[in-house]
Amino acid sequence: MNLKLEKSTLQSPQAVIKITGSKSESNRLLLLQALYPEIKINNLSNSDDTVFMKKALSSNSNAIDVHHAGTAMRFLTAYFAIQKNRTVSITGSQRMKERPIKILVDALNQLGASITYLENDGFPPMQIKGETLKCNQVTIDAGVSSQYISALLLIGSKLENGLNLTLAGEMTSIPYIKMTLQLLNQIGIETVFENNEIRIKPLKALKETELTVESDWSSASYFYSLMAMSAIDTEVTLSSYKSTSLQGDSVLADIYKQFGVSTSFHETSITLKKIAEINSSTEIKLNLVNAPDIAQTIAVTCFGLGISCHLTGLHTLKIKETDRLVALKTELEKLGGTVIITEDSLKLDVSTSIKKDVSIETYNDHRMAMAFAPLALKTDIIIKDAEVVSKSYPTFWKDLKTLGIKHFE
Ligand SMILES: O=C(O)C1=C[C@@H](OP(=O)(O)O)[C@@H](O)[C@H](O)C1
Ligand SMILES: C=C(OP(=O)(O)O)C(=O)O
């Protein structure tokens with residue numbers, strides 16, 4: 001489905017936009033719930049990634065398919081590694097078969113797991129024969145994806161002697177590791193994170209525990225972008241959010257101050273409001289090593305506002321749903337932007353106009369579709385394969401309509 005978005009002006013809606021639960025928190029809690037059935041979860045994400053995670057955990061099949069869901073692939077690899085008396089094969093979409101997993105598989109096998117590759121070494125699909133992991137100490141490269149580390153941490157308390165993890169090299173996406181540790185703590189698992197060492201204490205069972213997933217901050221980023229490109233006093237309220245988030249992408253509230261967008265925190269919601277115009281000579285400089293998922297949003301916001309930006313810390317973007325650096329450069333340049341990318345950075349020049357009626361390719365990447373959508377405040381634009389948004393935010397297009405963005409197929 002290709003969607004044509006008509007140049008629109010945002011209306012400040014009376015209704016609160018309710019955004020689905022964080023897919024990162026949801027997929028961690030689902031895995032923990034499979035290990036500790038005493039856990040009850042509220043406000044679970046309705047994203048495809050969470051649906052596939054849930055389906056995989058409740059299935060008795062020996063063939064698991066997680067489609068595009070990176071967290072599901074990584075977390076389930078660790079989960080099935082400790083399911084004794086069960087052997088499964090795990091696969092995903094064509095792109096998932098290109099997303100590396102060797103660092104995690106090596107670490108698990110060193111702990112005593114039995115995981116082999118079914119096609120290409122270092123990549124899904126794999127066959128996983130469940131084992132009792134006898135070792136409890138392993139060193140892992142922390143610079144490629146924090147999901148490998150979270151996967152190990154999530155099963156750590158179920159190993160006989162817990163888990164001692166040494167993180168080697170420069171760490172990436174640290175807030176996601178901290179999110180995992182905080183969720184473990186919330187259900188009563190003891191953890192220590194000191195320098196580059198993480199220790200997880202073993203725990204057999206828990207007391208009944210109920211947890212509520214906060215709504216997804218990465219999804220909120222598209223509303224920040226919309227506000228940044230709107231007239232002064234435009235506002236929108238999103239729920240359910242809190243000021244003390246486990247999600248690193250809540251840094252949006254700080255980052256978007258530079259774009260003249262304020263955030264007020266209420267009991268369970270946030271109001272974003274455009275309060276100041278941005279100076280056209282501003283250059284936005286950000287290192288996003290701790291918040292890679294909002295890089296596309298920020299690059300497109302800058303393009304829409306006609307300001308330059310230099311975003312660094314982006315090396316993980318190349319192994320996500322698509323090579324996001326190449327995708328951003330290609331699509332922004334179709335619209336008239338000038339972009340230079342390296343292996344880990346993106347530089348956007350000031351641009352004075354935006355081309356009309358350009359078709360944006362989304363490359364099976366939900367964030368390409370959602371990041372470019374706010375440009376409908378500036379011009380008519382077509383988003384190809386717009387249904388990709390369901391990976392993290394199935395009601396995205398409906399919610400945009402509520403704000404007055406007109407679109408049709
Ligand atoms: O643990 C998580 O929930 C995630 C970690 C990040 O991945 P990397 O650690 O691979 O950067 C992020 O990009 C992804 O969307 C979700
Ligand atoms: C990178 C992402 O997801 P994953 O790695 O879990 O597929 C994302 O949602 O932006």
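First, a word on what this report is: a plain description of the structure on this page. (Residues numbered from 1 in each chain as written. Chains lettered and ligands numbered in written order. Predicted model: local features only at pLDDT ≥ 70, side-chain atom pairs only at ≥ 80, totals over all residues. Heavy atoms only, no water.)

### Observations concerning the sheet that holds strand β18 (residues 339-341)
Moving on, step 1. Here 4 strands make up an open sheet; going across it, the order is β16-β17-β19-β18 and the pairing mixed. Of all the strands in the sheet, the pair left with one neighbour each is β16 (283-287) and β18. On average, each strand axis in the sheet is tilted by 10° relative to the strand beside it, whichever way the strands run.
Moving on, step 2. With 3 bridges connecting them, strand β17 (residues 308-312) and strand β19 (residues 346-348) associate as antiparallel partners. Of the residues in β19, the one forming a bridge with Cys-309 is Leu-348.
Moving on, step 3. Helix α9 (residues 295-305) rests against β16, β17 and β19 of the sheet, and its axis sits at about 165° to β17.
Moving on, step 4. Contacting β18 and β19, helix α10 (residues 324-334) crosses the sheet at an angle of about 165° to β18. (Pairing = 2+ DSSP bridges. Helix = DSSP H or I, 4+ residues; strand = E, 2+ residues; numbered from the N terminus. Axes fitted to C-alpha atoms, helices over the stretch in contact; angles between N-to-C directions. Contact = heavy atoms within 4.5 Å.)

### Describing the pairing of strand β13 (residues 235-239)
Every other side chain in a regular strand lies on the same face of the sheet, so the side chains alternate between the two faces.
Moving on, step 1. Of all 5 residues in β13, 4 are buried; the element is thus mostly enclosed.
Moving on, step 2. Here strand β2 (residues 17-18) runs beside β13; their pairing, made up of 2 bridges, is parallel. Residue pairing for β13: Ile-17 is matched across the bridge by Leu-238.
Moving on, step 3. Bridge analysis of β13 against strand β15 (residues 269-274) gives 5 bridges, and the strand direction is antiparallel. Opposite Glu-235, over in β15, you have Lys-273 as the bridge partner. (Buried < 20%, exposed > 50% of the residue type's maximum accessible area, 1.4 Å probe, protein only.)

### A word on the site of ligand 1
Moving on, step 1. Lining the immediate surroundings of ligand 1 are 13 residues, of which Ser-24, Arg-28, Ser-145, Ser-146 and Asp-293 lie closest.
Moving on, step 2. Here an oxygen atom of ligand 1 and a side-chain polar atom of Arg-28 are 2.7 Å apart.
Moving on, step 3. Bound to the protein, ligand 1 loses 96% of the 390 Å² it would expose on its own.
Moving on, step 4. Applying the majority rule of atoms within 2 Å of the grid points places ligand 1 in the largest cavity.
Moving on, step 5. Mapped onto the shell around ligand 1, the elements with two or more residues apiece are α1 (23-35) and α5 (146-156).
Moving on, step 6. It is α1 that provides the largest number of residues to the shell around ligand 1, a total of 3 residues.
Moving on, step 7. Partitioned by chemical class, the residues of the shell around ligand 1 number 2 nonpolar, 7 polar and 4 charged.
Moving on, step 8. Taken domain by domain, the makeup of the shell around ligand 1 includes at least three residues from each of domain 1 (3-20 + 214-408) and domain 2 (23-212). (Near = heavy atom within 4 Å. Polar contact = N/O pair within 3.5 Å; in protein donor to acceptor, adjacent residues only side chain to side chain. Areas by Shrake-Rupley, 256 points an atom, 1.4 Å probe, with all protein chains shown as cover. 1 Å grid on protein atoms, 1.4 Å probe; cavity = no way out; pocket = protein on both sides within 12 Å on 5 of 7 lines; lining within 4 Å. Sits in = over half its atoms within 2 Å of the grid points. Nonpolar A, V, L, I, M, F, W, Y, C, P; charged D, E, K, R; others polar. Domains from an automatic or database assignment.)

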